[in-house]
Amino acid sequence: MAELSASKHSARSSEEEDDVVQRRTFRDYYIILRERLWIALPLAVLVAVSVGYMQARVPAMYAASATLQFDKPPTIVTTQGVMDATVHNEFDINTYIQDMQSAKVRNQVVNSFSPEEQAILMRPRMKALKPGQPPPTFGAWDLGNLIVTSRRQSFIVDVTVQHQDGEAAAIVANKYIEKFMEYLMSNNTDTNDFASNFLHTQAEKLRADSEDAEKARAKYLKDRGLVSLDASLDSVGDALKAVQANLTAAKLDLLNLNNTFEQIKAYQAAHRDMYEIAWISQHGNIPGLRAQLSDLQRQKATLAQTYLERHPKMLDVNQKIATVQAQLAAELAQAVADFQTELANARNKVDALSVAEKEKEKEEMALEGMRVEYNSLVTQAQVAKSNYMAILDRMNQTDTSRNLDKVPLRPLDPAVPSTSPYQPDIHKIVKTCVGLGVIVFIGVAMGLSFVDDRIKSAWDVEAFIGVNLLGIIPDLSSMKGEDKHSLVLNHQQTPGVEAFLGVYSAVKIQSKLDYPKSILITSTIPGEGKTLVSSNLAGGFARHGKKTILIDCDLRRPMLHRHFKQQNNVGLIPWFENGASLEGTLATNPHLGVTKLTENFSLLTSGGRSKSPTSMLEQPVFGQFLEKLKKEYDVVVVDSPPMGAVTDALLIAERTDEVIYVCRFNRAYRKHIKLYIRALLSSKNAVLGIVLNGLSPRRIEYYSNYRYYRSYKKYYGSQT
């Protein structure tokens, strides 16, 4: 039952490990930053100060800005010239901005400065001139940097000049505005004059083209004897529709006649009564003769009841019947002949209408062919006339507006010299350095957290490794070695005791097994405090009334006998060498030499050292030995070698019920611990969790939520 429960717990732990999502809390990030404060902070300060120093050494730069306002589209003059200089949208404003920044305007600005203004613009270069060097010449490089921007959703443009001299920046900005307005005035006037002359020439040419196109259209109709192509097409179309309707009706009549003709031929071949055919029975005198014949036959039937066949009345009736039958035969022959004549006429009518239909279709196709050519002539005439009217209207507008002032903008605010440089901007440099320092500080701290894989916090245990954190043990290096291993056993009142009792409580909560049971204590590397934890955890069980035995299974380097001041001449190794007997009570076996330290606490030493203890640990008798101890004790605590050094712990783990893993702060690597925990889980052990050991009180306060140090001092005060 215990093995089944352990197996389920192991499977559950394995599933939880697979489902672990590595999420850190804000507290975890705070811990990372605080732990690496004295590495990341100096580096961040160094980088920030270096960048700030470099930015502060750049040459001082001044900026002066002037503003221009574009005029809104005019509403008084309703005509529009060819060169429309008004501004309608942002595209027009951007076009003017590009014109202002063009080389043509810049050259005009360079050539417009007086000698006094040139001297002001050259002052920064003159100050930097070394003794003996020839004086520099004035050029476009002395204008500084021009920046032209438009204000959003407005008709205002800012002209800014950046220069090493504040007065020079203002002079250049104002000069750019002056020369740009002269450039617009000259450009608009020349363009409108050229456009007006060009439009007059083009208007005369388009007028002639329009007249020629109209004449070609009229000549086309006259040559073909047409008044209107559309009227002719409508007339031919109506005639064609009438012919097609008649042809359809004739074809339908012919189809009916052909069906009747086939019926007549079938009746003649079968010698059937022709009067059953509707067309025959209704033709000519046939209906009357058939009625007369029917009456005579009824008379004959009446007379036959009274007279014999040779009676005069009977002979007279028979003579009349024969006469009527002869007339019916003649009428039947005539009906067939008339039907054939009518069938031939129907066929001739269909042929005649088909010929008429083809003639009308040819006539319509001929007119449709003319339509394409005629419509082309009409389109050419309309386009030519439209072009002529459009350019005539534009020419009239240009003539009206050519003498108007079309400069679309005017100066708003002139540039004034700046008294303080915009570069270097101390406020901006400070903000940049602070931001950069924070980024470097956080980046270095987080980067080191990824590089440094050693275990440090509760997040490393529960999120990364995926097992429970059973407790945190403070750093007890200041205590004497013979005292700290029996803190719980001796009922001492120190913060360490509360930590071990907390581990005991966590083990009791996490354990799914009832007593008796065996617990293995192991670690990754030597020096992590597994012996300290196993001693005080065993003391915790004993202190709470559980009969406990502590076994030193670190056969290569036994230490428990020293910590409890016992001899090491008897124990596991002598017991195994003397036959490993399981007879009797193990607690009194002389080769084992179990030492009873308190009422509920016993110690089993190693009895020496062994260079190859695996030969003993692999034997079935070792597992039987642990099972026998569980019958004599409630809890068997096994102190084993570290898993990263030898494989002894895995062999022992196969024969124990539960495992507790001890990790020392900032010592073993998380990936190694996770690997060994996985190995323990694969051997179907119930890993209760990890005990984090060796943290200073300050680190405990911000590496976890365990506050028992501060609380302990407040509670016990000076008694400690």
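Residues numbered from 1 in each chain as written. Predicted model: local features only at pLDDT ≥ 70, side-chain atom pairs only at ≥ 80, totals over all residues. Heavy atoms only, no water.

Focus on the sheet that holds strand 11 (residues 658-664)
The mixed open sheet is built from eight strands, whose spatial order is 5-12-11-6-10-7-9-8. The sheet is open, and its two borders are formed by strand 5 (469-474) and strand 8 (595-596), each paired with just one other strand. Alignment of strand 6 (residues 517-523) against strand 10 (residues 635-639), held across five bridges, turns out to be parallel. If you follow Ser518 over to strand 10, its bridge partner there is Val636. Contacts from helix 23 (residues 670-682) reach strand 11 and strand 12 (686-695) within the one sheet, and its direction differs from that of strand 11 by about 175 degrees. (Pairing = 2+ DSSP bridges. Helix = DSSP H or I, 4+ residues; strand = E, 2+ residues; numbered from the N terminus. Contact = heavy atoms within 4.5 Å. Axes fitted to C-alpha atoms, helices over the stretch in contact; angles between N-to-C directions.)

Thoughts on the packing of aromatic side chains
Within this structure, the stated rule accounts for seven aromatic pairs. Both rings, one in Phe113 and one in Phe138, keep their centres 5.8 Å apart while their planes meet at 75 degrees; by these two values the pair is edge-to-face. One end of the pair, Phe113, is in the loop between helix 5 (103-111) and helix 6 (115-121); the other, Phe138, is in the loop between helix 7 (123-127) and strand 2 (145-150), with 25 residues separating them in the sequence. For the pair Phe113 and Phe138, a shared accessibility class is recorded, and that class is buried. Between Trp575 and Phe625, the aromatic rings sit 4.7 Å apart at their centres with planes inclined by 40 degrees, giving tilted as the arrangement. With Trp575 in helix 19 (residues 572-577) and Phe625 in helix 21 (residues 620-632), this pair connects stretches of sequence that are 50 residues apart. Taking the relative accessible area as the measure of exposure, Trp575 reaches 2% and is therefore buried. Note on Phe625: relative accessible area 0%, which makes it buried. The residue whose ring lies beneath Lys517 is Tyr515, and the NZ or CZ to ring-centre distance is 4.8 Å. Over the aromatic face of Tyr633 sits the side chain of Lys547, whose NZ or CZ is 5.2 Å from the ring centroid. (Phe/Tyr/Trp six-rings, centres within 6.5 Å; stacked < 30°, edge-to-face > 60°. Buried < 20%, exposed > 50% of the residue type's maximum accessible area, 1.4 Å probe, protein only. Lys NZ or Arg CZ within 6 Å of the ring centre and 35° of its normal.)

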